[in-house]
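# Summary of structural features
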Amino acid sequence: MIGQSEMQHLDNEVLDELQDIMGKDFSLLISTFVSDSLHRFESMRDHWVAGDMVALSRDVHSLKGSSSNVGAVSLSEFCQQLEVQVKAGEMDSIEMILDMIGKERSTVCQLMEVFL
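First, a word on scope: everything that follows refers to the structure included in this document. (Residues numbered from 1 in each chain as written. Predicted model: local features only at pLDDT ≥ 70, side-chain atom pairs only at ≥ 80, totals over all residues. Heavy atoms only, no water.)

### Quick word on the pattern of salt bridges
Quick note on the threshold: Between Lys or Arg on one side and Asp or Glu on the other, a salt bridge is scored when a side-chain nitrogen of the former is within 4 Å of a carboxyl oxygen of the latter. The secondary structure listing takes helices from DSSP runs of H or I that are at least 4 residues long and strands from runs of E that are at least 2 residues long, numbered from the N terminus. Three exposure classes are used, based on accessible area relative to the maximum for each residue type with a 1.4 Å probe and protein chains only: buried under 20%, partly exposed in between, and exposed over 50%.
Inspection of the entire model under this criterion finds four salt bridges. Note that Asp59 and Arg40 form a salt bridge whose closest N and O atoms lie 3.0 Å from each other. Placement of the pair is Asp59 in helix 3 (residues 53-69) and Arg40 in helix 2 (residues 26-50), with a sequence separation of 19 residues. The exposure class assigned to Arg40 is partly exposed, which follows from its relative accessible area of 22%. Note that Arg45 is salt-bridged to Asp99, the shortest N-O span being 2.2 Å. Taken together, the residues Arg45 in helix 2 and Asp99 in helix 5 (residues 94-112) connect sequence positions 54 residues apart. When its relative accessible area of 21% is taken as the criterion, Arg45 is described as partly exposed. Salt bridges sharing partners connect three or more residues here, namely Asp36, Arg40 and Asp59.

### Digging into the side chain of Lys64
Under the convention used in this document: Any two residues whose heavy atoms approach within 4.5 Å are treated as being in contact.
Here Lys64 lies in helix 3. Discounting residues that sit within four places of it in the chain, Lys64 has contacts with Ser76, Cys79, Gln80 and Glu83.

### Side note on a negative patch on the surface
Put simply, the rule is: Like-charged residues are merged into a patch within 9 Å and nonpolar side chains (Val, Leu, Ile, Met, Phe, Trp, Tyr) within 5 Å, provided each residue has over 30% relative accessible area and no salt bridge. Only the protein chains shown count as cover for residues, and all accessible areas are computed by the Shrake-Rupley method using a 1.4 Å probe. Residues counted as positive are Lys and Arg, residues counted as negative are Asp and Glu, and His and the chain ends are not counted. By convention, the point assigned to a charge is CZ for Arg, NZ for Lys, CD for Glu and CG for Asp.
There is a patch of like negative charges on the surface, built from Glu13, Asp16, Glu17 and Asp20. Following the sequence through the fold, Asp16 ends up in helix 1 (residues 12-22).

This is how it looks when you write it as structure tokens:
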């Protein structure tokens, strides 16, 4: 698992490249990521509580991809960890990883505010 000292919240090279490519639409991309990531995270929590591992897996996979696309390195890695745990049926650590995802999502979104 990723330790706090090893975390890279955002990959600035990815963000710079996206900003160059998207121009004035870059802030829309970031805004969309922020709102969608909150929706996905809340949905993941709901699926966990309901015991719907298929839907949880689908949402975590989606958040993993979008996080990777915007350079949210640790968030994507936490999602990868959760995806592996869900597929393996390792239920003991899912809630802990969900908490880490929630905290990292919040940190990432705060850091991204400079682009809005």
